[in-house]
Amino acid sequence: SANSGLLFLKSPELNVNVGLTREEFVEKMSAVIRKGTKDEYGELFDKIDLTRDDLIDWDKLTSFVLLELYERDERTKLSVVPRWKDLRHLPLIHKDAVQNITFLKSLSSYLTVSRSGLIGIWGESLKLQRTLQITTEAAKPKDLWVTSLIALPNVNKVAVAFTSKEIYFAELNSKQGFSCQYKLQGLQGTVICMDYWFNSHDGNEAILTLGDVCGQVQAIAFNTALISLFERPSSSPEDENVTMIIKWQELVSGYHKCCYTLRHKLHGKEWVRQVQFHPFPISVAYSSSLDVFMSVTTSSVNSLVLAWREKLSHRLTTTTFHVTQGVNAFDFHSRLNLIGM
């Protein structure tokens, strides 16, 4: 088609307004381009001459070229669209609501957890590897209710929250399965969402953010995570297989020097649906770096709260947003600095 335009350009004696007949077009294309057969040029003429009046002019030719380029562009776009594999049904192992799906890098596996405490461990190809059943002393198996699970990749652990207002910190390994090391008890409200962040340059620095049914957003800031999440009393056995009981008030009081807590209650008594923590780089507007805790509820008041803190500070300053229909979930794009709700 581009060569067709070339034919008109190389034929200044032609009256472009008059155009070319089929026979003229075939002869001149053969003489100018010297490639292809007369039959092929005849087929090209027929494609351009949609009105079938045995005549093509510059307008017909340009319309044809533009249409060809548009269709080629559309075909190119379709060719780069991901071609997803057929849907594959996974084994049905959970008999009630799946609370979380997360990736555990240390095992190269996906974890699913249901409300009843059944953990499914899936390979990267989503083949079921095994299942584990969580049990607690605080609730009978039929009364067990898991609300959230989050991976702690830098310390090879998971944190699991329950309606019994406690959080278990456990390792997942091939020998012992779900090996609970710490039980955090005495929380004021049932935690229903969690988020975990750690410093990729210094794994000792990590933050576990919690949202509960009482409208509280709380965080545990660890500073020696690779050594120990919490301090063991001198009377506590050295055996790591022995589960250590931690009381929330111990963290609030500062008893554990390896971590401290942060808290705000700007969501009133609304359930906190999702929390995220994000570190921010040094900004021109501030003398030091800022971190932000993001949280949402379905309330129309204080639907989104951003709680800011300067690096290593224990104080929070907040910004609130009101959304008429409330917010169920959100995500943050750090590079574009955008929040999608």
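Coordinates for the structure precede this section.
Now for a look at the structure at hand. In this convention, every chain numbers its residues from 1, walking through the sequence in written order. Owing to the predicted nature of the model, reporting of local features is limited to residues with pLDDT of at least 70; listing and counting of side-chain atom pairs is limited to 80 or more, with chain, interface and lining totals taken over all residues. Neither water nor hydrogens contribute to the side-chain values; these are computed over all heavy atoms in the structure.

Things to note about the pairing of strand β7 (residues 166-173)
Summary of the burial criterion: residues with accessible area below 20% of their type's maximum are buried, those above 50% are exposed, and those between are partly exposed, where the area comes from a 1.4 Å probe applied to protein chains only. Starting at the N terminus, helices and strands are each numbered in turn, a helix being any DSSP run of H or I of at least four residues and a strand any DSSP run of E of at least two. Of all the eight residues making up β7, seven are buried; the element is thus mostly covered by neighbouring parts of the structure. Only strands joined by at least two bridges in the DSSP assignment are considered to pair. Bridge analysis of strand β6 (residues 157-162) against β7 gives five bridges, and the strand direction is antiparallel. When the bridges of β7 are listed, Phe162 appears paired with Glu166. In this antiparallel pair of consecutive strands, β6 and β7, the connection spans three residues, and Lys165 shows a positive phi of 60°.

Considering a nonpolar patch on the surface
On the surface, a nonpolar cluster with roughly 500 Å² of combined accessible area is contributed by Leu90, Val98, Ile101, Phe103, Tyr110 and Leu126. In terms of residues, the nonpolar patch owes the most to one element, strand β1 (residues 98-104), which gives three residues. Structurally, the position occupied by Leu126 is in the loop between β3 (118-123) and β4 (128-133). Each patch is built from residues that are more than 30% exposed by relative accessible area and take part in no salt bridge. Like charges join if they lie within 9 Å; nonpolar side chains (Val, Leu, Ile, Met, Phe, Trp, Tyr) join within 5 Å. Here the Shrake-Rupley method, with its probe set to 1.4 Å, supplies the accessible areas, and only the displayed protein chains count as covering residues. In what follows, salt bridge is the name for a side-chain nitrogen of Lys or Arg lying within 4 Å of a carboxyl oxygen of Asp or Glu.

Focus: the pattern of salt bridges
Applying the stated criterion across every chain yields a total of eight salt bridges. One salt bridge in this structure joins Glu27 and Lys38, with 3.1 Å as the shortest N-O distance. Placement of the pair is Glu27 in helix α2 (residues 22-33) and Lys38 in helix α3 (residues 38-48), with a sequence separation of eleven residues. Here Glu27 falls in the partly exposed class, since its relative accessible area comes to 40%. You can call Lys38 partly exposed: its relative accessible area is 46%. For the salt bridge of Asp53 with Lys60, the shortest nitrogen-to-oxygen distance reads 2.7 Å. Since its relative accessible area comes to 19%, Lys60 is described here as buried. A single network of salt bridges, built from pairs that share partners, joins Asp49, Asp53 and Lys60.

A closer look at the sheet that holds β1
Spatial strand order, β1-β2-β3-β4: four strands in an open sheet with antiparallel pairing. The outermost strands of the open sheet, each flanked by one partner alone, are β1 and β4. Across the sheet, the axes of successive neighbouring strands diverge by a mean angle of 20°, strand direction being ignored. To get an axis, a line is fitted to the C-alpha atoms, and for a helix only the part in contact is used. The angle between two axes follows their N-to-C directions and goes from 0 to 180 degrees.

Considering empty space enclosed by the protein
Gaps left between atoms show up when a probe the size of a water molecule is rolled over them. Of the grid points, spaced at 1 Å and generated over the protein atoms alone, those admitting a 1.4 Å probe that cannot get out make up cavities, while open sets with protein on both sides within 12 Å along at least five of seven lines make up pockets; any residue with an atom within 4 Å of a point is treated as lining. Grid points are joined across faces, edges and corners, and a volume is the space filled by probe spheres set on the points. Under the defined criterion, the tally for this structure stands at one cavity of 30 Å³ or more. Approximately 40 Å³ is the volume found for the largest cavity. As for the largest cavity, its lining consists of Val217, Gln218, Ala219, Leu262, Arg263, His264, Phe293, Ala307 and Leu316. Counting residues per element, the ones that place at least two in the lining of the largest cavity are β11 (217-222) and β13 (259-264).

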